[in-house]
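# Structural overview for review
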Amino acid sequence: GATASLKTTAIEGFSTYPNPITNNVFTITSNRTSKKQFAIFNLLGKQVLSSSFSGVKSNVDVSTIAAGIYILKVTEGCKTATKKLVIR
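Here, residues in each chain are numbered from 1, in the same order as that chain's written sequence. Whole-chain, interface and lining totals are the exception, using all residues; otherwise, since this is a predicted model, local features are given only for residues with pLDDT of at least 70 and side-chain atom pairs are given and counted only at 80 or more. To get the side-chain values, take all heavy atoms of the structure and skip hydrogens and water.

## As for the nonpolar core
Among the nonpolar cores identified, the biggest contains 16 residues, and Phe-26, Ile-28, Phe-38, Ile-40, Val-62, Leu-72 and Leu-85 are the most heavily contacted of them. A helix here means a DSSP run of H or I that spans at least four residues, while a strand means a run of E at least two residues long, and both kinds are numbered starting from the N terminus. For this core, the secondary-structure elements that each account for two or more residues are β2 (25-29), β3 (36-42), β6 (68-76) and β7 (79-87). Contact criterion: two residues are considered in contact whenever any of their non-hydrogen atoms come within 4.5 Å of each other. Dropping the residues within four chain positions of it, Phe-38 is found in contact with Ile-28, Leu-49, Ser-50, Ser-51, Ser-52, Phe-53, Val-60, Leu-72, Lys-73 and Val-74. Definition of nonpolar core: a set of buried residues of the types Ala, Val, Leu, Ile, Met, Phe, Trp, Tyr and Cys, connected through side-chain atoms within 4.5 Å. Residue burial is assigned from relative accessible area. The probe radius is 1.4 Å, only protein chains are included, and a residue is buried under 20% of its type maximum, exposed over 50%, and partly exposed in between.

## Considering the sheet that holds β3
Should DSSP find at least two bridges between two strands, the strands are regarded as paired. Here we have 4 strands laid out as an open sheet, ordered β4-β3-β6-β7, and antiparallel in their pairing. Taken across any chain shown, the strands that pair with only one partner, and hence form the sheet edges, are β4 (47-53) and β7. The sheet shows a mean angle of 20° between the axes of neighbouring strands, taken without regard to direction. Where β3 lies against β6, 7 bridges are found, and the strand directions are antiparallel. Under this scheme, a helix contributes an axis fitted over its contacting stretch, all axes are lines through C-alpha atoms, and angles between N-to-C directions fall in the 0 to 180 degree range.

## Focus on the side chain of Thr-27
Its location among the elements puts Thr-27 in strand β2. Under the relative-accessibility criterion, Thr-27 is labelled buried at 7%. Each polar contact in these results corresponds to two N or O atoms within 3.5 Å; when the atoms are within protein, one needs to be able to donate a hydrogen and the other to accept it, and residues that are neighboring in sequence are counted only if both atoms are side-chain atoms. In this structure the side chain of Thr-27 is engaged in a polar contact, spanning 2.7 Å, whose partner is the side chain of Asn-59. Aside from chain neighbours lying at most four places away, what touches Thr-27 is Ser-15, Thr-16, Tyr-17, Lys-57, Ser-58 and Asn-59.

## Some remarks on the pattern of salt bridges
Take a side-chain nitrogen of Lys or Arg and a carboxyl oxygen of Asp or Glu: if they are within 4 Å of each other, that pair is a salt bridge. Following the criterion strictly, the structure yields 2 salt bridges and no others. Of the charged contacts in the structure, one is a salt bridge between Glu-12 and Arg-32, with a shortest N-O distance of 2.5 Å. Here Glu-12, found in the loop between α1 (6-9) and β1 (15-17), pairs with Arg-32, found in the loop between β2 and β3; they are 20 residues apart in sequence, far enough to count as distant. For Arg-32, a relative accessible area of 39% gives the class partly exposed. Across the pair Glu-76 and Lys-36 runs a salt bridge, and its minimum N-O distance is 3.0 Å. Of this pair, Glu-76 sits in strand β6 while Lys-36 is found in strand β3, placing the two residues 40 residues apart along the sequence. This pair shows no difference in class: Glu-76 is buried, exactly as Lys-36 is.

Put into structure tokens, the structure is as follows:
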């Protein structure tokens, strides 16, 4: 229902590392291999990168993105996870 807790809508095993990102690459992981779409937004809400992958792990190259604080949004089926990313 509309009052579902975050726990039921979160992506199982969702994690990213390292954070802060210091070598232009970070990794997204989750427990399921189903297709995931992700996007990175700056704090003004502008999308600076988007892509998708299947599998439990993906390395994301952020070398084209300026240093700063960003929001990562990952969607897996009807589940969504967001996380603050710091790029140094």
